[in-house]
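Remarks on the overall topology
So the chains spell out like this:
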Amino acid sequence: MGFFERFQNLQVKKALIPAGIIAAISLVVAIIFITVNLNRRGDVAEPTVQEIVELPPTPTPTPTPEPEPEPEEEEPEEEPEPYDPGPRGILTGLPIYEEYINRRPVAVVVNNSRAAWPQSGLPAADVIYEILTEGDVTRLIAIFQTEIPDRIGPVRSARDFFVDMSNNHDAIFVHHGGTNSGYARVRDPVVTNLDGMALETTVFWRDRSFPAWTGLSGQRAMEHSSYTGWSRIATHMEAQNMRMYMNDAENFGFTFGEIPEEIESIGIADNISVPFSAAYGRRFIFEPEYGHYLVENRNGPHRDAETQEQLVAHNILIQFARRHGRDAGGFSTGTIVGEGRGYLITGGQRFEVRWEKTSQTAPTRWYFACDTPLVLPPGKTWICVFQDTGTITFGG
């Protein structure tokens with residue numbers, strides 16, 4: 001019988017035992033209980049103590065990465081459109097109205113004797129040829145395409161080699177009269193020519209007055225009074241169904257751009273003197289801030305009759321050619337067909353060049369001395385066809 005059953009039996013009988021005895025017995029029983037429990041721990045099952053085992057920490061689950069959003073397909077950046085400078089003239093490399101790109105140039109023989117100064121329309125010329133004729137003065141063959149003024153002149157007579165220059169650019173050849181050899185050349189079917197001797201009062205008119213700003217009195221001599229202009233030229237050509245446009249424009253122009261690095265300057269050229277004769281010389285003075293040359297004649301600045309504007313050139317070509325002969329009338333005759341040496345003068349520097357022209361109708365081809373095709377900086381060009389026995393000074 002266990003301890004607790006025995007104790008319960010005592011509780012049943014307590015009514016039969018006096019209270020004092022019961023109290024004593026209870027005290028004894030309590031003491032015995034405590035003692036037994038202290039000395040005999042085996043009578044009562046000890047509480048089970050579970051060993052605490054340290055478990056490895058529960059791994060923190062790695063969050064499943066959210067899928068990165070697919071990068072939006074970027075539209076490829078549009079390549080910047082190449083800079084389009086617009087149409088450029090075949091004779092200047094400068095802007096030109098699109099409808100004029102293939103327009104046939106007009107080559108006008110302009111009087112350059114002192115009695116004819118000041119002339120009209122020359123600042124608009126894209127190219128000007130200058131060559132010595134009889135009387136130790138020069139004539140100008142002004143080539144217009146970008147702009148063709150309504151007043152050009154005074155217009156003078158033709159020489160055969162003037163037609164060679166006009167043919168360099170498939171130009172309409174405009175003159176007033178001519179020598180026998182000059183007329184022989186303009187009758188060539190490939191030449192479109194307008195002659196003041198036949199077209200006076202329609203394509204040409206006379207004006208013998210001097211501009212007021214010159215202070216000159218009196219009248220020009222009749223041979224220095226012929227003028228023409230684009231309105232009259234165009235009207236006549238359309239009426240006659242003449243060819244107004246070039247078939248192969250690029251073939252009759254120049255190449256424009258930067259002079260190749262490998263082409264070396266042979267010297268400074270900032271004050272150029274071209275002595276065509278003892279009586280007449282041409283001078284060019286470089287203006288670095290503008291990159292062009294001021295044009296002077298023996299009177300000083302070469303000015304336009306209408307605007308008083310001084311002529312300028314960005315490029316100067318010196319074309320050495322053999323001296324021309326004289327015909328039976330004492331007029332200059334010859335040709336610039338063949339080949340020769342020369343100079344390009346631009347930007348205050350000069351470069352050796354050479355030229356060749358295979359026939360009277362073929363354009364003149366220009367090359368640097370090393371045979372690289374000539375490249376001109378954009379701008380107006382003045383070509384001095386100069387005797388190969390002459391001497392030019394370059395200043396600097």
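Starting afresh in each chain, residues are numbered from 1 along the sequence in its written order. Reporting of local features is limited, given that this is a predicted model, to residues whose pLDDT is at least 70; pairs of side-chain atoms are given and counted only at 80 or more, and all residues count toward the totals for whole chains, interfaces and linings. As a rule here, side-chain values come from all non-hydrogen atoms in the structure, and water together with hydrogens is ignored.

**Brief notes about the overall build of the protein chain**
Secondary structure elements follow DSSP: runs of H or I no shorter than four residues count as helices, runs of E no shorter than two count as strands, and numbering proceeds from the N terminus. Looking only at helices and strands, the protein chain features six helices and 20 strands. Residue burial is assigned from relative accessible area. The probe radius is 1.4 Å, only protein chains are included, and a residue is buried under 20% of its type maximum, exposed over 50%, and partly exposed in between. When burial is assessed residue by residue, the protein chain has 44% of its 396 residues classed as buried. A contact between two residues is defined here by any heavy atoms of the two lying within 4.5 Å. Summarising the internal contacts of the protein chain: among those between residues at least 6 apart in sequence, 62% fall at separations of at least 24. Each accessible area is a Shrake-Rupley result for a 1.4 Å probe, and residues are judged covered by the shown protein chains and nothing else. Total accessible area computed for the protein chain in this model is approximately 22100 Å², and 53% of it derives from carbon and sulfur atoms.

**Quick look at helix H6 (residues 230–239)**
Along H6, the residues that are buried comprise Trp230, Ile233, Ala234, His236 and Met237. The buried residues of H6 occupy one face: seen down the axis, they fall within an arc of 165°. Projecting away from the buried face of H6 at angles above 90 degrees are the exposed residues Thr235, Glu238 and Ala239. Looking at the buried residues of H6, the elements they touch are strand E1 (106–110), strand E4 (172–175), strand E5 (193–195), helix H5 (196–199) and strand E7 (226–228). Two residues or fewer after H6 comes asparagine 241, characterised by a positive phi angle close to 55°. By definition, the arc is the one covered by directions from the helix axis to the C-beta atoms.

**Focus on the nonpolar core**
Soluble, globular proteins show a tendency: their nonpolar side chains are buried together. Take the buried residues of types Ala, Val, Leu, Ile, Met, Phe, Trp, Tyr and Cys, join any two whose side-chain atoms come within 4.5 Å, and each joined set is a nonpolar core. One finds Ile272, Val274, Phe284, Ile318 and Trp382 to be the most contacted residues of the largest nonpolar core, which totals 47 residues. With four residues, H6 is the single largest residue contributor to this core. Judged by nonpolar contacts, the second largest core, of 36 residues, contains Tyr129, Ile131, Ile141 and Trp366.

**Concerning helix H3 (residues 160–167)**
Taking burial as the measure, the eight residues of H3 include eight buried ones, the bulk of the element. Along H3, the residues that are buried comprise Asp160, Phe161, Phe162, Val163, Asp164, Met165, Ser166 and Asn167.

**Brief notes about the pattern of salt bridges**
Here, a salt bridge means any Lys or Arg side-chain nitrogen found within 4 Å of an Asp or Glu carboxyl oxygen. A complete count under the given rule lists eleven salt bridges for this structure. Residue glutamate 306 is joined to arginine 151 by a salt bridge in which the shortest nitrogen-to-oxygen separation is 3.2 Å. Remark: arginine 151 occurs in the loop between strand E3 (138–144) and H3 and glutamate 306 occurs in the loop between strand E12 (300–301) and strand E13 (312–313); sequence separation between them is 155 residues. Overall, glutamate 306 belongs to the partly exposed group, its relative accessible area being 45%. Its salt-bridge partner being aspartate 164, residue arginine 185 comes within 2.5 Å of it at the nearest N-O pair.

**Describing the pairing of strand E10 (residues 282–287)**
Two faces belong to every sheet, and in a regular strand the side chains alternate between them. Any two strands with at least two DSSP bridges between them are considered paired. Alignment of strand E9 (residues 271–274) against E10, held across four bridges, turns out to be antiparallel. Bridging from a neighbouring strand, serine 273 pairs with arginine 283 of E10. Pairing analysis gives five bridges linking E10 to strand E11 (residues 292–297), with the strands arranged antiparallel. Residue pairing in the sheet places glutamate 287 in a bridge with histidine 292 of E11. In this structure, the hairpin formed by E10 and E11 is closed by a connection of four residues, where glycine 291 is found at a positive phi of approximately 70°.

**Regarding the packing of aromatic side chains**
Side-chain rings of Phe, Tyr and Trp (the six-membered ring for Trp) are treated as a pair once their centres are within 6.5 Å; stacked means planes under 30 degrees apart, edge-to-face means over 60, and tilted covers the remaining angles. Counted under the stated rule, the structure contains twelve aromatic pairs. Taking the centre distance of 6.3 Å and the plane angle of 25° together, the rings of tryptophan 205 and tyrosine 227 count as stacked. Taken together, the residues tryptophan 205 in strand E6 (residues 204–206) and tyrosine 227 in strand E7 connect sequence positions 22 residues apart. Tyrosine 227 gets classed as buried once you look at its relative accessible area, which sits at 0%. Centroid distance phenylalanine 284 to tryptophan 382: 5.9 Å. Interplanar angle 75°. Geometry classified as edge-to-face. With phenylalanine 284 in strand E10 and tryptophan 382 in strand E20 (residues 381–387), this residue pair connects regions lying 98 residues apart in the sequence. When its relative accessible area of 2% is taken as the criterion, tryptophan 382 is described as buried.

**A closer look at the confidence of the model for the protein chain**
Caution applies to low-pLDDT regions: their predicted coordinates should not be interpreted in detail. Residue-level confidence of the predictor is what pLDDT reports, using numbers from 0 through 100. Mean pLDDT for the protein chain: 86, with 79% of residues reaching 70 or above. Low pLDDT, under 50, characterises residues 10–17; the predicted model gives this stretch two contacts beyond four residues in sequence or across chains. This stretch, residues 32–50, has a pLDDT under 50; its non-local contacts, to residues over four places away or in other chains, come to five contacts.

**As for the side chain of aspartate 304**
As for its position among the elements, aspartate 304 is in the loop between E12 and E13. In this tally, Lys and Arg are treated as positive and Asp and Glu as negative; His is ignored, and so are the chain termini. Among buried Asp, Glu, Lys and Arg side chains, aspartate 304 stands out as unpaired, with arginine 151 the closest opposite charge at 8.0 Å. A polar contact of 3.1 Å, which involves the side chain of aspartate 304, links it to the backbone nitrogen of glutamate 306. Each residue touching aspartate 304, except ones within four places of it in the same chain, is listed here: Pro118, Gln119, Ser120, Gly121, Leu122, Pro123, Trp213, Glu309 and Leu311. What qualifies as a polar contact is a pair of N or O atoms within 3.5 Å, subject to a donor-acceptor requirement within protein and to the restriction that residues adjacent in sequence count only when both atoms come from side chains.

**Overview of the pairing of E11**
Among the six residues in E11, six count as buried, and that is most of the element. Sheet topology note: the E11/E13 ladder contains two bridges and is antiparallel. Along E13, the bridge assignment pairs leucine 294 with valine 312. In this structure, the hairpin formed by E11 and E12 is closed by a connection of two residues.

**So, the environment of glutamate 262**
Relative to the elements of secondary structure, glutamate 262 occurs in the loop between H6 and strand E8 (267–268). Relative accessible area serves as the criterion here: at 58%, glutamate 262 is assigned to the exposed category.

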